[in-house]
Amino acid sequence: MIREEVVKVGMADLRTIRGSGILRTTGLGSCVGLSLYDPVSKVAGMAHIMLPSSELAWTPSVSPAKYADTAIPELIRQMTELGALTGRLEAKLAGGAQMFASVSGGDSLRIGPRNTETCRRLLQERHIPISGEDTGGHYGRTIEFHCGTGVLYVRSVQRGVREL
Amino acid sequence: MSVNPLNRLADFQLDVLREIGNIGAGHAASALSLLLGKPVNLGVPKVRLIPFEETCDSVGGPEQVVAAVFLRVSGEVSGNLFFLLRVEAARVMLRKLPGMAAGPCESFSGLESSALGEIGNILAGSYLSAFADLTGLNMQPSTPALLLDMAGAILGSSLAQYGEIGERALLIDTRFLRGEEEWEGHFILIPDPDAFDPIFRSLGVPLP
């Protein structure tokens, strides 16, 4: 069996692939890992989103992947260049946890749920259906999107692997 | 849009933060030595602006499973304080405590968890009181939370405020270790970006 190429998506980073290969991002806490996929052209993209809105920025950001509202259009743009059609895209979401919810003041910004909510809203505005979601809770996740099959694997320390 | 406060941190300011890490972790390590009845050594604190992607490198990468005691610090200085060990290291350390036989099981027992939480609480308390004594600033820790999870999920989730101002975060990371390689852990203080002004003002450190 041919070992598939793994493309690493860093924090506040986004990547696209086509045909085969794996997109992987590790240690999602309050961050959201968003994957978009066009099953016909087999173009896949993943973003590791840190914050909901670029309006929160103090200074102009150099990385569009950091914010949901800039990551999603940029991911779609790059995927379209590889041959994806926006009308065929489907999304999967993971992450958006509240890691410090048990600590007073530890999670006052509710970044995790806000990241998830913003992604959902932005996808809905673009009529991109969400075909799988594993968000919330109080634990971390590592995700892998397999371009050949369109499956998103979500792994966590206590809960093992879940397939979306 | 305002100025990124991190751009004003030059070598001298970073040295001052390094000294805070040294004094804070020094007190915490003495407390830990007392608890364990054995000396605990400290590394030189690492203080620098780290790209988000690299914040977990010193503890084994974003997927490394760690035991972390987390406290939110509020008051005149606010930030996040972590006492963090790899799970295996936490187990070895627990075994050294009088009356504690740490089991081989994957997760920690209730007793082990509360012992770790309490150790974290004592250590964080010594770290913060040394920091407060040095600066004369008022700071209160929250009750501690014990997390067993991937380092990336834990540390990454504490960086939102840095995400708003740039692409890097400031960590005051002090490694402590027992013996040559029996186990090691980290005290990591991540001051909120607006905490630097009060810290430097209290110490009479000029800001460029």
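Below, the structure is looked at part by part. (Residues numbered from 1 in each chain as written. Chains lettered and ligands numbered in written order. Predicted model: local features only at pLDDT ≥ 70, side-chain atom pairs only at ≥ 80, totals over all residues.)

**Here we look at the overall build of chain A**
- Helices and strands together make up the secondary structure of chain A, namely two helices and 10 strands.
- Starting at the N terminus and ending at the C terminus, chain A contains elements arranged as β-β-β-β-β-α-β-α-β-β-β-β.
- With 164 residues in all, chain A has 46% of them scored as buried.
- The contacts in chain A between residues at least 6 apart in sequence include a share of 61% that link residues at least 24 apart. (Helix = DSSP H or I, 4+ residues; strand = E, 2+ residues; numbered from the N terminus. Buried ≥ 20, exposed ≤ 12 C-beta atoms within 10 Å, placed from the backbone. Contact = placed C-beta atoms within 7 Å.)

**Topic: the overall build of chain B**
- Tallying secondary structure elements over chain B gives six helices and eight strands in all.
- In sequence order, chain B lays out its α and β elements as α-β-β-β-β-α-α-β-β-α-α-β-β-α.
- Expected size for 208 residues packed as a compact globule is a radius of gyration near 17 Å; at 17 Å, chain B falls within 12% of this value.
- Overall, chain B is about 50 × 35 × 30 Å in size when its C-alpha atoms are taken along their principal axes.
- Expressed as a percentage of its 208 residues, the buried residues of chain B come to 44%.
- Considering only intrachain contacts with a sequence separation of at least 6, the fraction spanning at least 24 residues in chain B is 73%. (Rg over C-alpha atoms; globule rule 2.2 N^0.38 Å.)

**Observations regarding the environment of Val 65 of chain B**
- Within the fold, Val 65 of chain B resides in strand E3 (residues 65-75).
- Val 65 of chain B gets classed as partly exposed once you count the C-beta atoms within 10 Å, which come to 16.
- Each C-alpha atom, one on Val 65 of chain B and one on Pro 206 of chain B, is 40 Å from the other, the two residues being 141 residues apart in sequence.
- Those residues in contact with Val 65 of chain B that sit more than four places away from it in its chain are Val 157 of chain A together with Val 87, Leu 148, Asp 149 and Met 150 of chain B.

**Comments concerning the environment of Phe 131 of chain B**
Residues and elements named next belong to chain B.
- Within the secondary structure, Phe 131 sits in helix H3 (residues 110-135).
- Judged by the 25 C-beta atoms lying within 10 Å of it, Phe 131 is buried.
- Through-space distance from the C-alpha of Phe 131 to that of Pro 62 is 28 Å; in sequence the pair is 69 residues apart.
- Not counting the four nearest positions on each side in its chain, Phe 131 is found in contact with Ile 20 and Gly 24.

**Some thoughts on the nonpolar core**
- One finds Leu 34, Ile 49 and Ala 71 of chain A together with Ala 68, Leu 116 and Tyr 127 of chain B to be the most contacted residues of the largest nonpolar core, which totals 106 residues.
- For this core, the leading source of residues is H3 of chain B, giving eight residues.
- When near neighbours in sequence (up to four residues on either side) are disregarded, Ile 49 of chain A contacts Cys 31, Val 32, Leu 34, Ala 65, Tyr 67, Ala 68, Ala 71, Asn 115 and Cys 119 of chain A. (Core = buried A, V, L, I, M, F, W, Y, C linked by C-beta atoms within 7 Å.)

**Quick look at unusual backbone geometry**
All names here are of chain A.
- Of note, the phi angle at Ala 12 is positive, near 60°, even though the residue is not glycine.
- Within the element layout of this structure, Ala 12 appears in the loop between strand E1 (6-8) and strand E2 (14-18).
- Although it is not a glycine, Lys 42 adopts a positive phi angle of roughly 55°.
- For Lys 42, a count of 19 C-beta atoms within 10 Å translates into the label partly exposed.

**A few points about the packing of helix H1 (residues 68-81) of chain A against helix H2 (residues 111-125) of chain A**
Residue and element names in this part refer to chain A.
- One can describe the packing of H1 onto H2 by two numbers: an axis separation of 10 Å at closest approach and a directional angle of 40°. With respect to their mutual orientation, H1 and H2 come out oblique. Between H1 and H2 lies a crossing whose hand is right-handed. Counted together, Ala 68, Asp 69 and Ile 72 of H1 and Asn 115, Thr 118, Cys 119 and Leu 122 of H2 form the full contact between these two elements.
- Looking at the contact of H1 with H2, its residues break down into four nonpolar, two polar and one charged. (Axes fitted to C-alpha atoms, helices over the stretch in contact; angles between N-to-C directions. Parallel < 35°, antiparallel > 145°, perpendicular 65-115°, else oblique. Left-handed = near helix turned anticlockwise from the far one by under 90°. Nonpolar A, V, L, I, M, F, W, Y, C, P; charged D, E, K, R; others polar.)

**Section: the pairing of strand E9 (residues 151-156) of chain A**
Residue and element names in this part refer to chain A.
- Only one face of E9 is buried: it carries Leu 152, Val 154 and Ser 156, and the other face, with Val 151, Tyr 153 and Arg 155, is open.
- Across five bridges, the pairing between strand E8 (residues 141-146) and E9 is antiparallel. Pairing of Thr 142 across the sheet is with Arg 155, part of E9.
- Counting the residues between successive antiparallel strands, the hairpin from E8 to E9 contains four residues, one of them, Gly 150, with a positive phi of roughly 80°. (Pairing = 2+ DSSP bridges.)

**Here we look at the sheet that holds strand E3 (residues 22-28) of chain A**
Residue and element names in this part refer to chain A.
- If you walk across this open sheet you meet the five strands as E1-E3-E8-E9-E10, and the pairing is mixed. Looking at the sheet topology across the chains shown, the edges are occupied by E1 and strand E10 (160-163). Geometrically, the sheet is characterised by an average inter-axis angle of 25° between neighbouring strands, direction not taken into account.
- Bridge count for E1 against E3 is three bridges, and the pairing is parallel. Considered in E3, the bridge of Lys 8 is made with Arg 24.

**Things to note about the packing of helix H1 (residues 11-36) of chain B against H3 of chain B**
All names here are of chain B.
- At their nearest, the axes of H1 and H3 sit 8 Å apart, and the two run at 145° to each other. Of the two possible hands of crossing, H1 and H3 adopt the one that is right-handed. Along its contact with H1, which presents Ile 20, Ile 23, Gly 24, Ala 25, His 27, Ala 28, Ala 31, Leu 32 and Leu 35, the element H3 presents Ile 119, Ile 122, Leu 123, Ser 126, Tyr 127, Ala 130, Phe 131 and Leu 134.
- Grouping the amino acids of the contact of H1 with H3 by side-chain chemistry returns 14 nonpolar, three polar and no charged.

**Quick look at H1 of chain B**
Residues and elements named next belong to chain B.
- Its 26 residues give H1 an end-to-end C-alpha distance of 36 Å, which sits within 8% of 38 Å, the value for a rise of 1.5 Å per residue.
- Three or more residues of H1 are buried, namely Gln 13, Leu 17, Ile 20, Gly 21, Gly 24, Ala 25, Ala 28, Ala 29 and Leu 32.
- Looking at the buried positions of H1, the neighbouring elements they touch are strand E1 (41-42), strand E2 (46-51), H3, strand E7 (168-178), strand E8 (183-191) and helix H6 (196-202).
- Where H1 ends, the next residue or the one after it, Gly 37, has phi of about 70°, a positive value. (Expected span 1.5 Å × (residues − 1).)

This is a description of form; function is not addressed.
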